[in-house]
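So you can see what is in the structure, the chains are spelled out below.
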Amino acid sequence: MFYHVYPRSFASSRGAAVGDLAGIQSRLGYLQDLGVGAIWLSPFYPSPMKDFGYDVADYCGVDPVFGTLDDADRLIAAVHERGMRIIIDWVPGHTSDEHPWFVDARSSRTSKHRDWYVWRDGSGDGPPNNWRAAFKGVPAWTRDPASGQYFLHSFLPGQPDLNWENPDVREAMHGVLRFWLDRGVDGFRADVVHNIGKDPLLLDLDSEQAGVPRFLFNDEAHTHEYLREIRSLLDSYDGDRMMVGEVVLFSTEQMAAYYGRGDELNLVFNFKSLYAPWRARAWAECIRESEAALSPQYAWPAWVLSNHDLPRHRTRYGGEAQARAAALMLLTLRGTPFVYMGEELGLPEADVPDEARVDPGGRDGCRVCIPWDASLGAGWSEEPWLPLAPEAGLRNVEAQAQDPASMLNLYRRLIRIRANSSALREGSIEVLRHCGKLLVYRRCMQDDSLIVAVNFSAAEVLWEDAPALAVEVASDARGEGEAFGGSLRPYQALLMSPRLA
Ligand code: GLC
């Protein structure tokens, strides 16, 4: 099970407004108690922070706001001492416009790094084609006055896209991987990695797609070659070094292709499920498609409900009861679950006032600071960079740790049960039924089998022909240790074992 830390908002060691690496280190005991196997850190590299670290100005450093390289080394060692693993964000598709490569590239048409980025002449008075960038729907091209040419940026103009066709770019980005692998990280989360290979013809999008950010359609064959090179680099290291890819493609089959034949990404986030509504049918479809598209030989699913880019799922799904049921589901699916910091506290999306919003993509509400205790600053002595999570007085770590019925203790329990169950960790999954309201699946490993039933609705739901089952865990703690009575309470999810008659 992975735990995703957004370093700015996790914890500060110096009581600063922004979290730091030493702050993460100081909270490793919390993560260990939760049962975390591996931590994924969002970027902490030197950055102008136009996209809060996803605009990297130096891949091999630490931004002073987060600490120093020594802090990174200490954190990696401390994570390993506790028997956990750590992966870090790697942003291969674009640099900051302040990265020395881009500063050189834009200095003249003949500079050494010019071809490290994607430059084109305009077409007529405008950009080379109709591609749009993410955020605000602006063109994905910006004209650089120095040369009069346009550069491509799938995201902000401050995030020029790298040209992966150039072997020197590939070599430099492999160097970044080696730099961190040599320092001991266990792997990487590769940012928008399906977007590194570009359409060589840079063809316009069809008119009905033209308003949508272009990277959402990017799916080029040569990206798979680049990924195979990366995989052999990772596999040349000792230990299980790995890469999980952010492939923002909503077709499960397209996504599955990024595992290659076990020679590309180790894991790929299932984005279809990340965007799926809270409905039994939608989730049954995600599970079935994943089982059909991911070859059992090469590919292992990765499930995620929330991250630093989307409104928190507790709010998207409608409330605490749904979030509790979703936790039970997430931690009993076949595949590796990723938990986004704060979801184990049941944090809702924060309502950040306009004047406090800082993100160009409007994603502030899922990035607010983790409340550690009930004190005024909730463990943040200075006013944090974004407001504290809502209901910090109730939903903080300290209060929830003491309350056996809290969301935090539900996560702890589920994670522990998962770790001790081979059926949940490695067993097969089969959707047994789904109707408008109810989803039932079985996890099975040899003669060990478990049943999960999730009621997606606000009404009680009957499961008429259910076999004899005993309730092991209930998302609302009701009926545990008892025989399953044939119905589920509103938004209740149950983990059950077969009962001998
Ligand atoms: C990914 C990141 C997101 C970032 C974008 C550009 O989608 O998750 O936060 O803005 O890439 O790097």
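Just so it is clear, the model here is predicted, and its values are computed rather than measured.

Asker: Where do I start with the overall build of the chain in this structure?
Answerer: In terms of regular secondary structure, the chain is built from 16 helices and 18 strands. When the backbone C-alpha atoms are referred to their principal axes, the chain occupies close to 80 × 50 × 45 Å. Expressed as a percentage of its 501 residues, the buried residues of the chain come to 59%. At a minimum sequence separation of 6, the contacts of the chain that also span at least 24 residues come to 65%. Of the accessible surface of the chain, which amounts to about 19,100 Å², a share of 49% is contributed by carbon and sulfur atoms. When the 50 positive and 70 negative side-chain charges of the chain are each reduced to one mean point, those points stand 3 Å apart.

Asker: Any chance you could explain the side chain of Arg 241 here in plain terms?
Answerer: In this structure, Arg 241 sits in the loop between helix H7 (221-235) and strand S8 (242-245). Relative accessible area serves as the criterion here: at 12%, Arg 241 is assigned to the buried category. In this structure the side chain of Arg 241 is engaged in a polar contact, spanning 2.9 Å, whose partner is the backbone oxygen of Leu 181. If we ignore the near neighbours within four places in the chain, the residues touching Arg 241 are Leu 181, Gly 184, Val 185, Asp 186, Leu 234 and Asn 266.

Asker: Explain the site of the ligand here, please?
Answerer: The local shell around the ligand holds 14 residues, among which Asp 51, His 94, Asp 191, His 308 and Asp 309 are the closest. Between Arg 189 and the ligand, the recorded distance is 3.0 Å, taken from a side-chain N or O atom to an oxygen atom. Protein chains shield 96% of the accessible area of the ligand, which is 310 Å² for the free molecule. Looking at the shell around the ligand residue by residue, the classes come out as four nonpolar, three polar and seven charged. In this structure, the shell around the ligand is formed jointly by two domains, domain 1 (2-91 + 245-418) and domain 2 (92-244), each of which donates at least three residues.

Asker: Help me understand the packing of aromatic side chains, please; the structure alone is not making it clear to me.
Answerer: Working definition: an aromatic ring pair is given by the centre-to-centre distance plus the angle between the planes. Applying the stated criterion across every chain yields a total of 30 aromatic pairs. Relative to Phe 151, the ring of Trp 119 has its centre 5.7 Å away and its plane inclined at 70°; by these criteria the two rings are edge-to-face. Here the residue Trp 119 occupies a position in strand S4 (residues 119-120), and Phe 151 occupies one in strand S6 (residues 150-152), the gap between them amounting to 32 residues. In textbook terms, an aromatic cluster arises when at least three aromatic residues are bridged by ring pairs, as seen for Phe 2, Trp 40, Phe 269 and Phe 338. For the cation-ring pair, Arg 8 lies above Trp 385, with the distance from its terminal atom to the ring centre recorded as 4.3 Å. Positioned above the aromatic ring of Trp 131 is the side chain of Arg 214, whose terminal nitrogen or guanidinium carbon lies 4.1 Å from the ring centre.

Asker: I keep staring at the domain arrangement of the chain and nothing clicks. Help me out?
Answerer: The parts lose accessible area when they come together, and the size of an interface is often stated as this lost area. Along its sequence, the chain is organised into domain 1 (2-91 + 245-418), domain 2 (92-244) and domain 3 (428-498). Computed over C-alpha atoms, the centres of domain 1 and domain 3 are 27 Å apart. Listed as interface residues are 22 residues of domain 1 and, on the opposing side, 24 residues of domain 3. In terms of surface lost to domain 3, no three residues of domain 1 exceed Ala 280, Leu 328 and Thr 332, which account for 25% of the buried area on that side. Connecting domain 1 to domain 3 are one salt bridge.

Asker: Looking at this structure, I do not really get the pairing of strand S18 (residues 493-498). What am I missing?
Answerer: Residues in a regular strand point their side chains to alternate faces of the sheet. Of all six residues in S18, five are buried, a share of seventy percent or more. As judged from the four bridges shared by strand S14 (residues 448-455) and S18, these two strands associate in the antiparallel manner. Residue Ala 453 lies in a different strand from S18, and its bridge partner there is Leu 494.

Asker: Honestly, unusual backbone geometry in this entry has me stumped. Any pointers?
Answerer: For residues that are not glycine, phi is negative in most cases, and the peptide bond is trans in most cases. Its identity as a non-glycine residue notwithstanding, Phe 135 has a phi of 65°, on the positive side. Residue position: Phe 135 is located in the loop between S4 and strand S5 (141-143). Phi angles above zero are rare outside glycine, and Glu 391 is one such case at about 55°. Along the chain, Glu 391 falls in the loop between strand S11 (336-340) and helix H13 (392-395). Judged by relative accessible area, Glu 391 falls into the partly exposed class, the value being 40%.

Asker: Help me understand the packing of helix H12 (residues 320-330) against helix H15 (residues 407-419) in this model?
Answerer: Helix packing for two helices is described by the angle between their axes and how far apart those axes are. Between H12 and H15, the least distance of the axes is 10 Å, while the angle of their chain directions is 15°. Overall, the two elements H12 and H15 adopt an arrangement that is roughly parallel. Once H12 is placed against H15, the crossing between them reads as right-handed. Contact with H12, carried on its side by Glu 320, Ala 323, Arg 324, Ala 327, Leu 328 and Leu 330, involves Met 407, Leu 410, Tyr 411, Leu 414 and Arg 418 of H15 and no other residues of that element. Across the contact of H12 with H15, the residue classes break down as eight nonpolar, no polar and three charged.

About the criteria used
Residues numbered from 1 in each chain as written. Predicted model: local features only at pLDDT ≥ 70, side-chain atom pairs only at ≥ 80, totals over all residues. Heavy atoms only, no water. Helix = DSSP H or I, 4+ residues; strand = E, 2+ residues; numbered from the N terminus. Buried < 20%, exposed > 50% of the residue type's maximum accessible area, 1.4 Å probe, protein only. Contact = heavy atoms within 4.5 Å. Areas by Shrake-Rupley, 256 points an atom, 1.4 Å probe, with all protein chains shown as cover. Lys, Arg positive; Asp, Glu negative; His and termini not counted. Charge placed at Lys NZ, Arg CZ, Asp CG, Glu CD. Polar contact = N/O pair within 3.5 Å; in protein donor to acceptor, adjacent residues only side chain to side chain. Near = heavy atom within 4 Å. Nonpolar A, V, L, I, M, F, W, Y, C, P; charged D, E, K, R; others polar. Domains from an automatic or database assignment. Phe/Tyr/Trp six-rings, centres within 6.5 Å; stacked < 30°, edge-to-face > 60°. Lys NZ or Arg CZ within 6 Å of the ring centre and 35° of its normal. Buried area = accessible area lost by both parts, 1.4 Å probe. Salt bridge = Lys/Arg side-chain N within 4 Å of Asp/Glu carboxyl O. Pairing = 2+ DSSP bridges. Axes fitted to C-alpha atoms, helices over the stretch in contact; angles between N-to-C directions. Parallel < 35°, antiparallel > 145°, perpendicular 65-115°, else oblique. Left-handed = near helix turned anticlockwise from the far one by under 90°.

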